[in-house]
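Chains, contacts and geometry: an overview
Here's the letter readout for the chains.
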Amino acid sequence: MPRLSEVIAALDALWPPARAEQWDAVGTVCGDPDAEVSRVLFAVDPVQEIADEAVKLGAELVVTHHPLYLRGTTTVAADTFKGRVVHTLIKNDIALHVAHTNADTADPGVSDALAGALDLRVVGPLVPDPTDPAGRRGLGRICELDHPETLRAFAARAAARLPRTAQGIRVAGDPDATIRTVAVSGGSGDSLFAQVRAAGVDAFLTADLRHHPVSEAREQSPLALLDAAHWATEWPWCEQAAAQLDAVSERHGWGLRTHVSRTVTDPWTAHAPSEPSPSTSGAPN
């Protein structure tokens, strides 16, 4: 079995920490470099449910997309929820490693996995990495559909192929508009509207879209917008990342067993759709 330091070196080769944004917190959070690793669990969020799942699975390493301590801390006391995660992991000899924005812009990266889940053909990055001479790395992806379809049909495709969440898929645009090209970006994407408009695509699928940016984007162009749950847009990366580590393990003869958590850690748990009814408060229906 490989040591943790060997597995981490392989992960850092896949998603070099130097390519993370300066504000990000990637890399190894806890773990003994000399400990042996036989099972690895991939997940989006380093929350208690995932730590408990890793214990039950017998994993020695958890790899998550989201950082545990993005803004730093002064304590890992177990009476804080993040501290309890750390205590659970260390008590059970489980390491935690994070690949966040360095996985977003990788080749393949988070948005490649999202495009693959939607059965889209990737044309190139939405925001190219200027340090990549091949022009494949970068934030987001520009994609083509296998055949034109309505916005309504494409939204249904996304709802069917992404993990089920309470939110589902929200849509801004004419449901009967024809969609041929799509930009996708896993995670929060409403800072990318300018680049999406410049790409000239018919639609943009991302997460965490807010009222004012969406309202302004819709006023500026006919671009259709699809808003999925943040967790759902990034979960496909876990399967892609596990497959990448499987390939490394096979080359080295490590015999690692990789697992992808199916635990839904999206924080939204229910959705109550608006119902047409007489107003009793003067609000518009």
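See the structure shown above.
Below you will find a few notes about this structure. (Residues numbered from 1 in each chain as written. Predicted model: local features only at pLDDT ≥ 70, side-chain atom pairs only at ≥ 80, totals over all residues. Heavy atoms only, no water.)

1. Observations regarding the environment of Val214
- With respect to the helices and strands, Val214 occurs in helix H8 (residues 211-220).
- A C-alpha to C-alpha distance of 7.9 Å links Val214 and Leu225, two positions 11 residues apart in sequence.
- For Val214, the contacting residues outside a window of four places in its chain are Ala172, Phe193, Leu209 and Leu225. (Helix = DSSP H or I, 4+ residues; strand = E, 2+ residues; numbered from the N terminus. Contact = heavy atoms within 4.5 Å.)

2. Comments concerning helix H2 (residues 48-57)
- Within H2 the residues assigned to the buried category are Gln48, Ile50, Ala51 and Ala54. The arc that holds the buried residues of H2, viewed along the axis, is 165°, so those residues lie on one side.
- On the buried face of H2, the contacting elements are strand E2 (39-43), strand E3 (61-64) and helix H3 (81-91).
- Two residues or fewer after H2 comes Gly58, characterised by a positive phi angle close to 85°. (Buried < 20%, exposed > 50% of the residue type's maximum accessible area, 1.4 Å probe, protein only. Arc of directions from axis to C-beta.)

3. Things to note about the nonpolar core
- One finds Val7, Leu11, Trp15, Phe42, Leu61, Trp237 and Leu245 to be the most contacted residues of the largest nonpolar core, which totals 31 residues.
- The next biggest cluster of nonpolar side chains, apart from the first, holds 19 residues, and it includes Leu114, Val184, Leu205 and Ala224. (Core = buried A, V, L, I, M, F, W, Y, C linked by side-chain atoms within 4.5 Å.)

4. Description of the sheet that holds strand E10 (residues 224-228)
- The mixed open sheet is built from 6 strands, whose spatial order is E5-E6-E8-E9-E10-E7. Strands at the two margins of the open sheet, each flanked by one partner only, are strand E5 (121-128) and strand E7 (170-172). On average, each strand axis in the sheet is inclined to that of its neighbour by 25°, with strand direction left out of account.
- Where helix H5 (residues 110-117) meets the sheet, it contacts E5, strand E6 (138-150), strand E8 (178-188) and strand E9 (203-207), and its direction lies at approximately 135° from that of E8. (Pairing = 2+ DSSP bridges. Axes fitted to C-alpha atoms, helices over the stretch in contact; angles between N-to-C directions.)

5. Here's the deal with the environment of Ala20
- If you trace the backbone, Ala20 turns up in the loop between helix H1 (4-14) and strand E1 (27-30).
- For Ala20, a relative accessible area of 15% puts it in the buried group.
- The spatial distance from the C-alpha of Ala20 to the C-alpha of His100 is 7.2 Å, given a sequence separation of 80 residues.
- When neighbours within four sequence positions are excluded, Ala20 is seen to be in contact with Val26, Thr101 and Asn102.

Read these as geometric descriptors, not functional statements.
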